[in-house]
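# Residue-level structural notes
Below, each chain spelled out in residue letters.
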Amino acid sequence: MSMELDFWIPNLSAEAASISRLEKHLENDSNGNFRIVHKDKKIVVTAKKDSNGVQSDFCLNIEILDYHGRCHLNCNRNAEPASIYIANEAWNAFRRKLDGCEGTIYDCSAVREPFNVFHSSTGEFNLHKNAGNFYIDMSNRFIQSVERISDTMNHIWSNGMEIKRRRYNIDVATRSLANAKANKLYFDSFLNIYGERFPAKTTKAKIKEMEFRMKKVEIAYDAITTIRNTDYESSMHTITVIALLISAIALAADAFIGLNELFQWIHP
Amino acid sequence: MCTWEEGKELQRVFLRYYKGKEVREDDLEALDTLSNTDYLEYYMENGKLFARAGTIGKMFKAKPMTPTI
């Protein structure tokens, strides 16, 4: 079973895949594990020889369906874990050329792995397909990504695992919140670009769904950072008490020495 | 929304792959979630698919907290 689906290049300007951008950014590429060849609106991503685990017969075809960034992906490999990983890597090699958010703090993780939703509960491969409406499927992917962020943060952080160092607590929460906010940003952009293709009620429902998911992430973030701040305040309180004790001892010692000198002066 | 059982599964898979391990197909669903959120990351070695702690995952210890109750 080959891998095939419609997907979206995240962008805020709605011109991610305009001809001028494709020509400007996809010319003469020779870096990384993949070779990206661009002709008209067809893009072919092939593996270079001797890349780790990537056979040279690998090929990901990307057909640009509109200049807003909607494209059709078609990979010549069967859906199995290693091939899916390579197809995702090839997509990201292409995406790096056109997408400014890839690899940044505002990375849109919802579009990082087009073929990552591929495993069904029956144990058979169940590639993410645009089974129904592409626009609804894509917006669901954004919502699902934010849901995953809150779930992972809650279940791994809150209940099961210990952070290596205390100062990392806030890092984990901040990075997860930034990731969720980035996905929300590109979700908003997607609706802004393609909103007219959605039935009106569906758009409102999707916006609401996303709002609820964002609130979930914010609850987790607030809880984690509050714990961190409470820990900090507790440490500061302990330090203050110790400092006061030391001062009191020093003052008492000083007073004792002073009294002793006075006594010696009165009764030499 | 992740159920309690699914949450336990996330923890199990996170621990299992933290130090790097070849991917088992049974774990792929949880691995998708953990890689999408940077807790784990996929990589290739000798043509096989592996997973290990990602940028966020590295901030955690590889063992669960001991119960305090």
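Throughout what follows, the structure given in this document is the object of discussion.

Procedures and definitions
Residues numbered from 1 in each chain as written. Chains lettered and ligands numbered in written order. Predicted model: local features only at pLDDT ≥ 70, side-chain atom pairs only at ≥ 80, totals over all residues. Heavy atoms only, no water. Buried < 20%, exposed > 50% of the residue type's maximum accessible area, 1.4 Å probe, protein only. Helix = DSSP H or I, 4+ residues; strand = E, 2+ residues; numbered from the N terminus. Pairing = 2+ DSSP bridges. Core = buried A, V, L, I, M, F, W, Y, C linked by side-chain atoms within 4.5 Å. Domains from an automatic or database assignment. Contact = heavy atoms within 4.5 Å. Axes fitted to C-alpha atoms, helices over the stretch in contact; angles between N-to-C directions.

All names here are of chain A. For strand β1 (residues 2-8), a buried count of five out of seven residues is recorded, marking the element as mostly surrounded by other parts of the structure. Inspection of the sheet shows β1 paired to strand β5 (residues 70-78) by seven bridges, in the antiparallel sense. From the neighbouring strand, S2 faces β5, where its bridge partner is N78.

Residues and elements named next belong to chain A. Core analysis: the largest hydrophobic core is formed by 89 residues, its most contacted members being L60, I62, F94 and F142. Each of domain 1 (2-111) and domain 2 (134-240) contributes no fewer than three residues to this core. With residues up to four places along the chain from it excluded, the contact list for F94 reads I9, L26, I36, I43, V45, I62 and I64.

Residues and elements named next belong to chain A. Residues I43, V45 and A47 of strand β3 (residues 42-47) are buried on one face, while the alternating residues K42, V44 and T46, pointing to the opposite face, are not. Here strand β2 (residues 34-39) runs beside β3; their pairing, made up of six bridges, is antiparallel. For R35, the partnering residue across the bridge sits in β3 and is T46. Connecting the antiparallel pair β2 and β3 is a turn made up of two residues, with D40 showing a positive phi of about 55 degrees. Bridge count for β3 against strand β4 (residues 59-64) is five bridges, and the pairing is antiparallel.

Further remarks concern the sheet that holds β2 of chain A. Residues and elements named next belong to chain A. Reading across the sheet, the five strands line up as β1-β5-β4-β3-β2 and stay open at both edges, with antiparallel pairing between neighbours. In this open sheet, the two strands that pair with only one neighbour each are β1 and β2. Taken over all neighbouring pairs, the strand axes of this sheet differ in orientation by 15 degrees on average, direction set aside. Packed on one face of the sheet, helix α2 (residues 81-98) meets β1, β2, β3, β4 and β5 and runs near 55 degrees to β2. In this fold helix α4 (residues 168-194) packs onto β1 and β5, with an angle of close to 80 degrees to the strand it touches most, β1.

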